[in-house]
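Below are the chains, spelled out letter by letter.
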Amino acid sequence: RPVEVHGALLHTVGVEANARPVQIIDLSFYGAKLRTDRDHAPGSRAVLALPNHSLRLEGTIVRIRGTEVAMVFDPRSSVDPVLERLLRSQSMAIPADGKRAT
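Conventions we followed
Residues numbered from 1 in each chain as written. Predicted model: local features only at pLDDT ≥ 70, side-chain atom pairs only at ≥ 80, totals over all residues. Heavy atoms only, no water. Salt bridge = Lys/Arg side-chain N within 4 Å of Asp/Glu carboxyl O. Helix = DSSP H or I, 4+ residues; strand = E, 2+ residues; numbered from the N terminus. Buried < 20%, exposed > 50% of the residue type's maximum accessible area, 1.4 Å probe, protein only. Polar contact = N/O pair within 3.5 Å; in protein donor to acceptor, adjacent residues only side chain to side chain. Contact = heavy atoms within 4.5 Å.

## Section: the pattern of salt bridges
Considering all chains together, one arrives at 5 salt bridges under this definition. Across the pair R45 and D74 runs a salt bridge, and its minimum N-O distance is 2.6 Å. Note that R45 is positioned in strand β5 (residues 45-50) and D74 in the loop between β7 (68-73) and α1 (75-78), a separation of 29 residues in sequence. Of the residues examined, R45 reaches a relative accessible area of 34% and is grouped as partly exposed. In this structure, the salt-bridge partner of R88 is E84, at a minimum N-O distance of 3.1 Å. A residue pair is termed a helical-turn pair when its members lie 3 or 4 positions apart in one helix, as R88 and E84 do in helix α2 (residues 81-89) at 4 residues. A cluster of three or more residues bridged by salt bridges with shared partners is formed by K33, R35 and E68.

## Digging into the side chain of D74
Polar contacts involving the side chain of D74 include one to the side chain of R45, which spans 2.6 Å. Not counting residues up to four positions away in its chain, the partners in contact with D74 are R45, E58 and G59.

## Focus on unusual backbone geometry
In the Ramachandran plot, S54 falls in the positive-phi region, its phi being about 50 degrees despite a non-glycine side chain. Along the polypeptide, S54 turns up in the loop between β5 and β6 (55-65). The class of S54 is exposed, set by a relative accessible area of 67%.

Shown next, in the form of structure tokens:
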């Protein structure tokens, strides 16, 4: 189920293009799964911006499947306190140890 975060934008670093709107499908401390109308290459550096939350999450595109893109956040973005507040406000389960279940 898509995460209820509105106004999300994805910008590929180093590309002379404007940020494009995306739909967040899943969001965690570690990364995001997004729906987009633009092609992105795995390994591309990207910024997921959530202007309504004053949040910029830097990371790398790791997978593309149709219109879905998976992005892994850089360590500094993963520990952003604004991201933690957003995740808690979305009532997402966050393990106490901060590690994703395998």
